[in-house]
Amino acid sequence: MRGDVVGLNHEALRAACFEAARKSMADIRPTDVAKITRLAETFYKHSLHHVGRLKDQGRDPEILERAVVYLAHTHAISPMHDSTEWFMFMLRALLELACPETGQNTETIRFLSDLEDGISAARESVVTAAH
């Protein structure tokens, strides 16, 4: 599959997956880099399963790396340990938001407005933190 993915920075995606795995296993002592690396590889392989959908939508495959960086920063917490379900489900949800496949209705679109409000607040906090 790697050969077909034009425009995907595999090393950046692997690094993001490693960071998500590292943070998920941060409280394990002694630190087992081999376990973290295996979990990161599982995250990476799972991420690649989404490439076809992104390509079919004409979207930038780098969305994967950005989504995994977001997951590592926001949702990868040490109680996750070597669980992969949280990663798989959250990545799928993020990609559906960024690259929707499912049509929405007037009730569900209200939540998308809530997301826009949250995104605006997050952007403002970054700008505020930079000053």
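Shown above is the structure to which this text applies.
Residues numbered from 1 in each chain as written. Predicted model: local features only at pLDDT ≥ 70, side-chain atom pairs only at ≥ 80, totals over all residues. Heavy atoms only, no water.

Notes on the overall build of the protein chain
Inference 1: Across its full length, the protein chain holds six helices and zero strands.
Inference 2: Helices and strands appear in the protein chain in the N-to-C order α-α-α-α-α-α.
Inference 3: Summarising its shape, the C-alpha atoms of the protein chain cover approximately 50 × 40 × 30 Å along the three principal directions.
Inference 4: Counting every position in the protein chain, which comprises 131 residues, the buried fraction comes to 30%.
Inference 5: If you sum the accessible surface of the protein chain, you get close to 8,300 Å²; carbon and sulfur atoms cover 57% of it.
Inference 6: Of the charged side chains in the protein chain, 15 are positive and 19 negative; the average position of the first set lies 5 Å away from that of the second. (Helix = DSSP H or I, 4+ residues; strand = E, 2+ residues; numbered from the N terminus. Buried < 20%, exposed > 50% of the residue type's maximum accessible area, 1.4 Å probe, protein only. Areas by Shrake-Rupley, 256 points an atom, 1.4 Å probe, with all protein chains shown as cover. Lys, Arg positive; Asp, Glu negative; His and termini not counted. Charge placed at Lys NZ, Arg CZ, Asp CG, Glu CD.)

A look at the pattern of salt bridges
Inference 1: The final tally for this structure, using the stated rule, is seven salt bridges.
Inference 2: The residue Arg92 makes a salt bridge to Glu96 at a minimum N-O spacing of 3.7 Å. Taken together, the residues span about one helical turn, with Arg92 and Glu96 both in helix α5 (residues 85-98) at a distance of four residues.
Inference 3: Look at Arg92 and you get partly exposed, because its relative accessible area is 32%.
Inference 4: Accessibility expressed as a relative area gives 17% for Glu96, which makes it buried.
Inference 5: Through salt bridges with shared partners, a single ionic network connects Arg53, Arg92, Glu96 and Glu101. (Salt bridge = Lys/Arg side-chain N within 4 Å of Asp/Glu carboxyl O.)

So, to be careful, I would describe these as geometric facts and stop short of saying anything about function.
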